[in-house]
Amino acid sequence: MWLYATARRVIANQRRSKRRRVALRERLALEAASVAPESPEREESLVHEALHRLGPRDREVLLLAEWEGLSPAQIAAVLGCLTVTVRGRLHRARKRFRAAFQELLTPNTQVQGGSMHKSQSIQALRRANPRARDGFVSSVEAATHAVRSQIDASTEEVAVRHSSRRGLGVAAGASLAAAAAAALFLAVGQPGGSPGVANAAAAVKEAVTVTAASAERSGTAVVRITHDGRLWAGTTIRWHGDDVAVRGDAPDRTGKVGSMLLVVNGTLYGTDPEVEGGWLDMGSPANIDPDSGTTPAEYLAAVREDVGGVTLRRFTRGMSGLTSRELADGSTVYSGTVTAGLIARRPASRKAR
Amino acid sequence: MIRVFPFGYVAHDKAVDPAAPLAATVTVGAGGVVRELALSWGPWTYTVAYSRLGTTRALAAPANARSLLRERLRKR
C-alpha cells in the first residue's frame, strides 16, 4: 500500500515538472518573439494610456501594488476591505491592464508567435513608476506645493483629501507631501486636470457607482419630505433581491402610521385594516386590477428604479457649483445646485402618491 | 402638470418649475458609499437616506396573513 502511494506521488511530481518545463519553454519563446515598444518614452506613453483606459478602482489597486509597493494586506487596510477582495481586484486589474496595453501595442509593433507574455506589460508598468526616476523628490515637492495651493484656493478641491484618504490612508501620519505624491500617481493619465487633484464631480460620480453596485442586492432607504421642519410625508423601503417592503412613516388618510406593503416570493401582503398587527395575503401583485389606480406592480417597479443607480445618477448628474466639506466622522458632504426638472419629473404612469 | 420626485412624491411650489434651481447635497460616507441625498427649496426639504446597502436582511412573509382570495371565495 505504502509503495503504491509513494509511486503515485513520484509520478505526479514528474508530470508537474514536465508541465512546468513546457510552460517555461513556451513563455521564453513568446518573450523572445515579442517586440518591445521602440523607445522607453513610447513605452511609458503606452503605459499611461493603458492606465487611463482602466476604471478608477482598477487603476487605484494596480498602482498601489505596482508603484507604491503595497502588499494586498496593506492595500486592504487602505481601501477598507478584505485582503481576499484586494487579491481578486488586483488580479482583474492586472488582466485588464495587460489587455489594454497589448491592444495599444499591437498596432505599432509586429508581435509574432501569438500574444505577448503577460509579464511584459506589468514589467513595462513597473518601469514607468515615477519613483524610479531621477528628480522624483523635487517632483513630489512641486506637487505638494500645487496641491496645497489648490486646497487653499478652492473648497471644491477638498476632494483631494477625500481621494488621498481613500487611496492612501494606510500611510497613517504620512505627510502632505506623501499624500500629494500618491495622488499624483493615482490620477495618472487623467486628461486636462492637474495631476493628483480629483475634482468633486469625479468623487461624487465614483461614489454613485460604488453605491449603485452595493444597492443591487439589498438595502434600506428612508425618504422624507418636510415642510417648515415638520414631517410632510415619509417612507422606509427595504429591498432584498426581488422582495420589497414599503412602510409609510407618516400618518395615512385614516391617521395610522406604519401601513405596509410587502412582496415576498412573488406574493403581495398588506397590513390588515381590520386586525391590529394583522396582514392580508393579496396573492400575486399581478392580480390587482390595473384600472384601480397605482398598482402594486407599478409601485414596486418605481421603487426598484428609485433605489438603484438610476435615481442616484439622476440626482447627481446635473449638480453644478459643487463644493465639499468633511465631517468629523470622515464623511464628505458635496453641495451644489440642481435644476428641479432633473429630479422632479412628469410621471410616466400613475405612480404619484 | 404635476411633477414627482423619486419614490413618487409630488413636488410642491418652486420645485414644480423644471428650470428652478434647488439646493442639493450628497453625503458620501468614509467608505465611499452615498449615505444621503438631499434637496431643499423654500420651506421644503426632500431627503433619501441609504443604509445597509448589500447587508439588509432577507424579508420574511408574515406568518399570520389572512388570505383575501380565500375569503372572497368563501363569501360567494
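Rules and cut-offs
- Residues numbered from 1 in each chain as written.
- Chains lettered and ligands numbered in written order.
- Predicted model: local features only at pLDDT ≥ 70, side-chain atom pairs only at ≥ 80, totals over all residues.
- Helix = DSSP H or I, 4+ residues; strand = E, 2+ residues; numbered from the N terminus.
- Buried ≥ 20, exposed ≤ 12 C-beta atoms within 10 Å, placed from the backbone.
- Contact = placed C-beta atoms within 7 Å.
- Nonpolar A, V, L, I, M, F, W, Y, C, P; charged D, E, K, R; others polar.
- Pairing = 2+ DSSP bridges.
- pLDDT = per-residue confidence, 0-100.
- Axes fitted to C-alpha atoms, helices over the stretch in contact; angles between N-to-C directions.
- Parallel < 35°, antiparallel > 145°, perpendicular 65-115°, else oblique.
- Left-handed = near helix turned anticlockwise from the far one by under 90°.

Counting secondary structure elements, chain A contains 13 helices and eight strands. Going through the 353 residues of chain A one by one, you find that 31% of them count as buried. Across chain A, the fraction of contacts at a sequence separation of at least 24, relative to all contacts at a separation of at least 6, is 53%.

Helix and strand counts for chain B come out as one helix and four strands. Secondary structure of chain B in N-to-C order comes out as β-β-β-β-α. Burial status across chain B gives 32% buried among its 76 residues.

Let us now look at unusual backbone geometry. All names here are of chain B. Phi at D13 is positive, roughly 55°, even though this residue is not glycine. Position of D13 relative to the elements: it lies in the segment before β1 (21-28). By the C-beta count within 10 Å, which is 13 here, D13 ends up partly exposed. The phi torsion at R52 lies on the positive side, around 45°, for a residue other than glycine. With respect to the helices and strands, the residue R52 is situated in the loop between β3 (44-51) and β4 (65-67).

With 68 residues of chain A at the contact, the number on the chain B side is 58 residues. The biggest single contributor to the side of chain A that touches chain B is strand β1 (residues 218-227) of chain A, with 10 residues. Split by residue class, the side of chain A that touches chain B holds 30 nonpolar, 24 polar and 14 charged. Where β1 of chain A and β3 of chain B come together, eight bridges link them in antiparallel fashion. Note that in β3 of chain B the partner of V222 of chain A across the bridge is A49 of chain B.

This next bit is on the confidence of the model for chain B. On average, residues of chain B score 87 in pLDDT, and 99% of them reach the 70 mark or higher. For this predicted complex, the interface score ipTM comes out at 0.91, alongside a pTM of 0.52.

Right, let's talk about the sheet that holds β1 of chain B for a bit. In space, the 12 strands of this open sheet follow the order β7(A)-β8(A)-β1(B)-β2(B)-β3(B)-β1(A)-β2(A)-β3(A)-β4(A)-β5(A)-β6(A)-β4(B), with mixed pairing throughout. With one partner strand each, in any of the chains shown, β7 (320-326) of chain A together with β4 of chain B form the two edges of the open sheet. This sheet shows a mean twist of 20° between the axes of neighbouring strands, independent of strand direction. In the packing of helix α1 (residues 68-75) of chain B onto the sheet, contacts are made with β6 (279-281) of chain A together with β4 of chain B, and the angle to β4 of chain B comes to roughly 40°.

Here helix α3 (residues 56-66) of chain A lies mainly inside the structure; nine of its 11 residues are buried. Among the residues making up α3 of chain A, those that are buried are D58, R59, E60, V61, L62, L63, L64, A65 and E66 of chain A.

Let's shift gears to the pairing of strand β2 (residues 34-41) of chain B. Residues and elements named next belong to chain B. As defined by bridge partners, β1 adjoins β2 across six bridges and the pair is classed as antiparallel. Residue pairing across strands places A23 opposite S40, the latter belonging to β2. The hairpin formed by β1 and β2 contains five residues between the paired strands, and G32 there has a positive phi angle of roughly 85°. Relative to β3, β2 runs antiparallel, the two being bridged by six bridges. In the strand pairing of β3, L39 is matched with Y46. Linking β2 to β3, which pair antiparallel, is a turn of two residues; within it G42 sits at a positive phi near 50°.

Right, let's get into the confidence of the model for chain A. All names here are of chain A. On average, chain A scores 70 in pLDDT, and the residues at 70 or more come to 61%. Counted against residues more than four places away or in other chains, residues 110-114, with its pLDDT under 50, gives 10 contacts. In the predicted structure, residues 150-198 sits below a pLDDT of 50 and forms 96 contacts with residues beyond four places in sequence or in another chain.

Here we come to the environment of E43 of chain A. When you line up the elements, E43 of chain A lands in helix α2 (residues 40-53). Sequence-wise, E43 of chain A and L125 of chain A are 82 residues apart; in three dimensions their C-alpha atoms are separated by 8.8 Å.

This brings us to the packing of α2 of chain A against helix α5 (residues 83-105) of chain A. All names here are of chain A. Close contact between α2 and α5 brings their axes to 9 Å; oriented N to C, the two are set at 130°. With respect to their mutual orientation, α2 and α5 come out oblique. For the crossing formed where α2 meets α5, the hand is right-handed. For the pair α2 and α5, contact is made by L46, V47, E49, A50 and R53 and by F97, A100, F101, L104 and L105, respectively. Class assignment for the residues of the contact of α2 with α5 results in eight nonpolar, no polar and two charged.

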